[in-house]
Each structure stands twice: as C-alpha cells, then as structure tokens.
Amino acid sequence: MKITSAEFVISAVRPDQYPTDALPEIALAGRSNVGKSSLINRMINRKNLARTSSQPGKTQQLNYYRINEQVYFIDFPGYGYAKVSKSEREAWGRMIERYLKDREELKLVMLIIDIRHAPSKDDCLMYEWLKHFEIPTCIVVTKSDKIPKSQWDKQIKLVKETLQADPRDTIIRYSSETGEGRDQLWGHIMQTISSDQEES
C-alpha cells in the first residue's frame, strides 16, 4: 500500500462529531500500551502521526486518521488500565459500544494482542462484543520481534485458544519495529473494504 496522504482529523466522543464523508472505517481495539499508535504509524509510514504515550490510558476519545482520502483508522481508548476511574471506564465502554452498534461506516475491527502474553479478560470481552455485534474482526498479534521465532506458533495458539477465536477470523502476526505483517494487514483491510462495496 503506497501512502500518499495521512492526517489526524478529530478526537470524537459523540456521534455528532464523527466525520460525515462516509469513507470506510477501520477501528483498532486493544489494551493500554499494546502498541496501537505504533501500529498506525508503521502502517502509514509516519514516525509520530499517531501519538504514542508512555502513560497508559492516554487516549480517551475515538481518534480519527484519514489515509489516502479513502479510509479512516480509528484508534479506540485502550482498556484494562487500573489507574482510570470506574466511571471513566464505564463512559468509554458506553462510547465504544454505541460506536460498534450504530456506525454503518465501520468495516473492520483490528483486535490488537501482545504476542508475549495470553489475551486478558478485557481482550476476551472485547472479542465477545465484536462477535455479538457481528463485526468483521482481524486479530493482530503484535510485538513479534520481542520473542524468538521458535515461540511464535505456540503463542499464537495460546491467543486463539484464550479468545476461543472463530476459525474464520484472520490472524496476522505483526511487528511495528520490523514492519512484518504490514503488507498482509493492508491487503486484508483493502480486501474487506472492496468485498463490502461489492455486496452493497
């Protein structure tokens, strides 16, 4: 995928703030510090368009990035960070649930999982939500550069088993450091968008 333009558009918290240009939307969900911003930056070949933070729980809105004037990436707030108050967590949950349920432009959610760890309880809940709302999901197992290649298959099996992953869902191994999986992930995104357009 050749990136000709990429820009941050808005941090939205309510539907009336979402863009209205009807471009397909690809959302990124995952726990705090799993590397969603780094994944976006590597996908668009920019160092810091998506702001990475050493403070988990920093993203508190739906951050919209428009790429090539043809697709949006939406960075969800990271979940599972203990220092966030219960009321804030509940507000995020309502915001994300409303988006997942009602947003027609949403074509795919990338569920980002750290290859070094089994999916958390929050990862499993998010995956159950996505299945409940019948949202196309791609499981992106990231940080593959952090463990030896000999452990990759074992860890991906652990991810599948812990999530009780639907065998029809694509799983892509990814590294924001090396760029491994970038082309495969772009291919899956564009295929999902084009097949949705054909159906409609």
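Calculation rules
Residues numbered from 1 in each chain as written. Predicted model: local features only at pLDDT ≥ 70, side-chain atom pairs only at ≥ 80, totals over all residues. Heavy atoms only, no water. UniProt positions renumbered as here; feature names shortened; annotations may be inferred. Helix = DSSP H or I, 4+ residues; strand = E, 2+ residues; numbered from the N terminus. Rg over C-alpha atoms; globule rule 2.2 N^0.38 Å. Buried < 20%, exposed > 50% of the residue type's maximum accessible area, 1.4 Å probe, protein only. Contact = heavy atoms within 4.5 Å. Areas by Shrake-Rupley, 256 points an atom, 1.4 Å probe, with all protein chains shown as cover. Lys, Arg positive; Asp, Glu negative; His and termini not counted. Charge placed at Lys NZ, Arg CZ, Asp CG, Glu CD. Phe/Tyr/Trp six-rings, centres within 6.5 Å; stacked < 30°, edge-to-face > 60°. Pairing = 2+ DSSP bridges. Salt bridge = Lys/Arg side-chain N within 4 Å of Asp/Glu carboxyl O. Axes fitted to C-alpha atoms, helices over the stretch in contact; angles between N-to-C directions.

The name recorded for the protein chain in an unreviewed UniProt entry is Probable GTP-binding protein EngB, from Paenibacillus terricola. Its UniProt record gives the protein chain the following Sequence similarities (unreviewed entry) comment, quoted word for word: "Belongs to the TRAFAC class TrmE-Era-EngA-EngB-Septin-like GTPase superfamily. EngB GTPase family." The UniProt entry for the protein chain carries the following comment under Function (unreviewed entry): "Necessary for normal cell division and for the maintenance of normal septation."

J.: Looking at this model, I keep getting lost on the overall build of the protein chain. Mind explaining?
T.: Along the backbone of the protein chain there are five helices and seven strands. Ordered by position from the N terminus, the helices and strands of the protein chain form the series β-β-α-β-β-α-β-α-β-α-β-α. For a compact globule of 200 residues, the expected C-alpha radius of gyration is about 16 Å, and the protein chain comes in at 16 Å, within 12% of that figure. Summarising its shape, the C-alpha atoms of the protein chain cover approximately 45 × 40 × 35 Å along the three principal directions. Scored against the burial criterion, the 200 residues of the protein chain give a buried share of 48%. Here the contacts in the protein chain between residues at least 6 apart in sequence split such that 76% fall between residues at least 24 apart. Carbon and sulfur atoms make up 45% of the accessible area of the protein chain, which amounts to about 10,400 Å² in all. Each charge sign in the protein chain was given a centre, from 30 positive and 28 negative side chains, and these centres are 7 Å apart.

J.: Teacher, can you tell me more about the packing of aromatic side chains here?
T.: The way to describe two aromatic rings as a pair is by their centre distance and the angle between their planes. What the rule picks out here adds up to six aromatic pairs. With 5.4 Å between their ring centres and 20° between their planes, F73 and W186 make a pair best called stacked. With F73 in strand β4 (residues 71-75) and W186 in helix α5 (residues 182-199), this residue pair connects regions lying 113 residues apart in the sequence. Pair check on accessibility: F73 and W186 agree, each one buried. Through pairs of rings, three or more aromatic residues link up here, namely Y18, Y64, Y72, F76 and Y99.

J.: Can you walk me through the pairing of β4 in this structure?
T.: Look at any regular strand and the pattern is simple: side chains alternate between the two faces of the sheet. For β4, the tally of buried residues reaches five of five residues, placing the bulk of the element in the interior. Residues V71, F73 and D75 of β4 are buried on one face, and the alternating residues Y72 and I74, pointing to the opposite face, are buried as well. Taken together, the five bridges between strand β3 (residues 62-67) and β4 define a ladder with antiparallel strand orientation. Residue pairing across strands places Y64 opposite I74, the latter belonging to β4.

J.: Would you mind showing me how to read the pattern of salt bridges here?
T.: If the charged atoms of two oppositely charged side chains come close together, the side chains can form a pair. For the coordinates displayed, the defined rule picks out 15 salt bridges. The salt bridge partner of K131 is D169, with a shortest N-O separation of 2.8 Å. In this pair, K131 is assigned in helix α3 (residues 121-132) and D169 in the loop between α4 (152-163) and β7 (170-173), connecting sequence segments 38 residues apart. Between D166 and R168 there is a salt bridge, and its shortest N-O distance comes to 2.8 Å. Via salt bridges that share partners, E7, D21, R66 and E69 belong to a single interconnected network.

J.: Honestly, the sheet that holds β7 in this entry has me stumped. Any pointers?
T.: The strands making up a sheet associate through backbone hydrogen bonding, with each pair oriented either parallel or antiparallel. Reading across the sheet, the seven strands line up as β1-β3-β4-β2-β5-β6-β7 and stay open at both edges, with mixed pairing between neighbours. Both outer strands of the open sheet, β1 (6-12) and β7, are each paired with one neighbouring strand and no more. Put simply, the sheet's adjacent strands are angled 25° from each other on average, direction ignored. Looking at chain direction, strand β5 (residues 106-114) and strand β6 (residues 137-142) are connected through six bridges and run parallel. Bridged to I113 within β6 is V141. Across the sheet, α3 lies against β2 (25-30), β5 and β6, angled at about 160° from β5, the strand it touches most.

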